[in-house]
Amino acid sequence: MTGPQQVDTAQIRARYPDVFDRPASARLATPAMIVAAFAILVYGLVDLDFSPSRFFAGLSQLGWISLMMIPPDPGSSLPVYLKALGETLSIALLGTTLAAVFALPVSLLAARNIVPSKILRFPIRRFLDSIRGVDTLIWALVWINVVGLGPFAGVLAIAVSDFGAFGKLFSEAIEGADQKQVEGIRASGGSPLHEIRFGLLPQVLPVIAGQVLYFIESNTRSATIIGIVGAGGIGLQLAEQIRVLEWQKVSFLILMILVAVAAIDFVSSKLRFAIIGRRAVA
Amino acid sequence: MTIAVSILPEQQLAALNAAYGQAVARRRWRLLFGAAVFAAALLLAAIGAEVNLRTLFTYFGNFVSYFDRIFTLDNGQRVWTDFGEWLWGWRKWLKMLGETLLISYVGTLIGATFAFVLNFFAAENTSPAPWLRFVVRRLLEFARTVPGIVFALIFVIAFGLGPMAGVLAIAIHSTGALGKLFSEIVENADMKPVEGVRSTGASWLSCMRFAIVPQVTAGYASYALLRFEINVREASVMGFVGAGGIGQELVVAIRKFYYSDVSAILLTIIVTVFIIDIATGWLRGRLFGKEARR
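On a predicted model such as this, the values are computed, not experimentally measured, just so you know.

1. Side note on the interface of chain A and chain B
Note: interface size is frequently given as the accessible area lost on complex formation between the parts.
Here's step 1: Taken together, the contact pairs 59 residues of chain A with 58 residues of chain B.
Here's step 2: Summed over both sides, the interface between chain A and chain B buries roughly 5,100 Å², with carbon and sulfur atoms accounting for 82% of that surface.
Here's step 3: Contact with chain B buries surface across chain A, with A:Leu48, A:Val146 and A:Phe152 losing the most and accounting together for 12% of the total.
Here's step 4: In this assembly, chain A and chain B are joined by zero salt bridges.
Here's step 5: Top contributing element to the side of chain A that touches chain B by residue count: helix H7 (residues 136–147) of chain A, with nine residues.
Here's step 6: Split into classes, the residues belonging to the side of chain A that touches chain B amount to 40 nonpolar, 10 polar and nine charged.

This is the structure we're talking about:
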């Protein structure tokens, strides 16, 4: 029988030392990392009270819950839920728009090609970072303290937390813009404001519009949950029905959220393509 | 050097102007129409969300003074004048933060493992059967569209209060999100190695193991790190519904109006998120740096 046996393994070994004779440190690095990752995992499971008995008890409980969810049924409160869904969509739309309006001027200040001074940019960037570091739900709790329970607090929460994200994204878009147009405006005697208005904004507005649409989409998701802390929308209904264990209503609400998110996804991706063209989205 | 600007005769200019006007007019109308629709949608949304500008203006002072209050200690001084008093509970808070990090670590790792197993079935080029791909894709979609905190709410009832519910919620959400990203990486992978391995008579499993996995691990690691970063943020609010972590302390402080505690806990959360962002960014840079050098 002829075949692979005839290959001169010794010669191949000699020719590719870095494949056949890797140093011990290189060979041990990957297993060591896996062992370390696994050790932290085990420590985590123990520290976080993961006991198998608790896990399986919970799992069977979860099985019961899912059985009770079938079939999804809104009972008599369908109008209330539809209104709540409308509230959620309103919160997402208004919050994102407000955030974009306020973030645009600030993002100009945070862009390297507009404000060259690092000392001026640094505090603005850290300010945006700190706003972003706080979750939307936390902002919702803060605003509930200010304007009371209800969807208005949700709008403000989304507006503030997205302000941080937009500030960063917009300023990155501005930094990526072509400087030649700006120089052209300057050469023809335009003021700094003219440079921004005619040289910069036409370039970045389509990018920004795409990002805003994308955020409206993802904020529909966030807006469904801020109701859990009392900031209006469908999350409020969801949290209530979970608390009173009305599982059929819960599954109906979850289905409503899924359908709404899918619909918004569809519409906003169509709009995004219309605004910036198919190739720019990718 | 002089440049002569030629001025067109009146007639020709008028024709060109008219053509330009016509061309622009259509675009302007479309823009105007779009803006009108958008404004109408905003107005509708404002009614739907019960926006009340008077409330905002009446209570806006509250927003400012809220920050004033959370930066004031009980004795009326500013918080940064007495760090010992401000961060009095730092031992407890650091412990809760550690729990938050552990929740996101365990959740991310479990989620990434499931995503790793499932993504080969979800990717177009490696899935063994179309019906399997369809099922797995819908499953992943479901797992990432339902918000993590909704899973947490349900799990708290099934598994009891505590970090276990938070971990499982984060794990499920991560499975959905990472499964999609992972399968996109696989779809971009080079299929020639797969053909090579298959031509030796290897099974589907060996094809994945020896042809696909070596190509995609760096991308997987990078996405998993990014997910960890997001999950730290998410885990910081899991406590709001009783699923463990620092959020529990925060929600108690906010609800009970322990003002200076709110700012102290927020500060620890923000600092932690910063550190995690920087650390994972550095780690990602190293992973991709190695990739580029090869």
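2. Comments concerning the UniProt feature "transmembrane region" (unreviewed entry) in chain A
All names here are of chain A.
Here's step 1: Sequence positions flagged by UniProt for "transmembrane region" (unreviewed entry) are, in local numbering, residues 28–46, 91–115, 136–160, 196–216, 223–239 and 251–269.
Here's step 2: Split by type, residues 91–115 is 80% helix and 0% strand. Its first and last C-alpha atoms lie 33 Å apart.
Here's step 3: Overall, residues 251–269 shows 100% helix and 0% strand. The separation of its end C-alpha atoms is 27 Å.

3. Topic: the environment of A:Val147
Here's step 1: Along the chain, the position of A:Val147 falls in helix H7.
Here's step 2: Its relative accessible area of 12% is what places A:Val147 among the buried residues.
Here's step 3: A:Val147 has contacts with A:Phe152, A:Ala153, A:Leu156, B:Thr55 and B:Tyr59, leaving out every residue within four places of it along the chain.

4. Side note on the UniProt feature "domain: ABC transmembrane type-1" (unreviewed entry) in chain A
Here's step 1: Per the UniProt entry, the sites bearing "domain: ABC transmembrane type-1" (unreviewed entry) are residues 85–268 of chain A in this numbering.
Here's step 2: Secondary structure within residues 85–268 of chain A divides into 84% helix and 0% strand; the distance between the first and last C-alpha atoms comes to 17 Å.

5. A few points about the nonpolar core
Here's step 1: One finds A:Trp143, B:Ile154, B:Phe240 and B:Leu250 to be the most contacted residues of the largest nonpolar core, which totals 127 residues.
Here's step 2: With near-sequence residues (within four places) excluded, A:Trp143 lies in contact with A:Gly148, A:Ala153, A:Leu156, A:Ala157, A:Val160, B:Phe60 and B:Phe63.
Here's step 3: One finds B:Ile185, B:Val186, B:Ala211 and B:Val216 within the second-largest nonpolar core, a separate group that totals 18 residues.

6. Some points on helix H2 (residues 53–70) of chain B
All names here are of chain B.
Here's step 1: With 18 residues, H2 ought to run about 26 Å at 1.5 Å a step, and its terminal C-alpha atoms sit 25 Å apart, in line with that.
Here's step 2: The largest bend along H2 measures about 45 degrees and falls at Tyr59.
Here's step 3: Residues Thr55, Leu56, Phe63, Tyr66 and Ile70 constitute the buried set of H2.

7. Examining the UniProt feature "transmembrane region" (unreviewed entry) in chain B
Residue and element names in this part refer to chain B.
Here's step 1: Per the UniProt annotation, the sites labelled "transmembrane region" (unreviewed entry) are residues 31–49, 102–121, 142–172 and 264–283.
Here's step 2: Overall, residues 142–172 shows 84% helix and 0% strand. The separation of its end C-alpha atoms is 10 Å.
Here's step 3: Counted over residues 264–283, helix gives 100% and strand 0%. Its end C-alpha atoms are 28 Å apart.

8. Observations regarding the domain arrangement of chain B
Here's step 1: The domains assigned to chain B are domain 1 (14–51) and domain 2 (88–287).
Here's step 2: The straight-line distance from the C-alpha centre of domain 1 of chain B to that of domain 2 of chain B is 42 Å.

9. Here we look at the pattern of salt bridges
Here's step 1: Counting across every chain of the model gives 12 salt bridges over all chains.
Here's step 2: Here A:Glu87 and A:Lys83 are joined by a salt bridge, their closest N and O atoms 3.6 Å apart. Here A:Glu87 pairs with A:Lys83, and both are found in helix H5 (residues 78–110), just four residues apart, close to one helical turn.
Here's step 3: You can call A:Lys83 exposed: its relative accessible area is 54%.
Here's step 4: B:Asp277 serves as the salt-bridge partner of B:Arg233, at 3.2 Å between the closest nitrogen and oxygen. With B:Arg233 in helix H9 (residues 204–238) and B:Asp277 in helix H11 (residues 259–293), the pair connects residues that are 44 residues apart, well separated along the chain.
Here's step 5: The partly exposed category is assigned to B:Asp277, whose relative accessible area is 23%.

Basis of the calculations
- Residues numbered from 1 in each chain as written.
- Chains lettered and ligands numbered in written order.
- Predicted model: local features only at pLDDT ≥ 70, side-chain atom pairs only at ≥ 80, totals over all residues.
- Heavy atoms only, no water.
- Contact = heavy atoms within 4.5 Å.
- Buried area = accessible area lost by both parts, 1.4 Å probe.
- Salt bridge = Lys/Arg side-chain N within 4 Å of Asp/Glu carboxyl O.
- Helix = DSSP H or I, 4+ residues; strand = E, 2+ residues; numbered from the N terminus.
- Nonpolar A, V, L, I, M, F, W, Y, C, P; charged D, E, K, R; others polar.
- UniProt positions renumbered as here; feature names shortened; annotations may be inferred.
- Buried < 20%, exposed > 50% of the residue type's maximum accessible area, 1.4 Å probe, protein only.
- Core = buried A, V, L, I, M, F, W, Y, C linked by side-chain atoms within 4.5 Å.
- Expected span 1.5 Å × (residues − 1).
- Bend = angle between axes of the 7 residues up to and from the residue.
- Domains from an automatic or database assignment.

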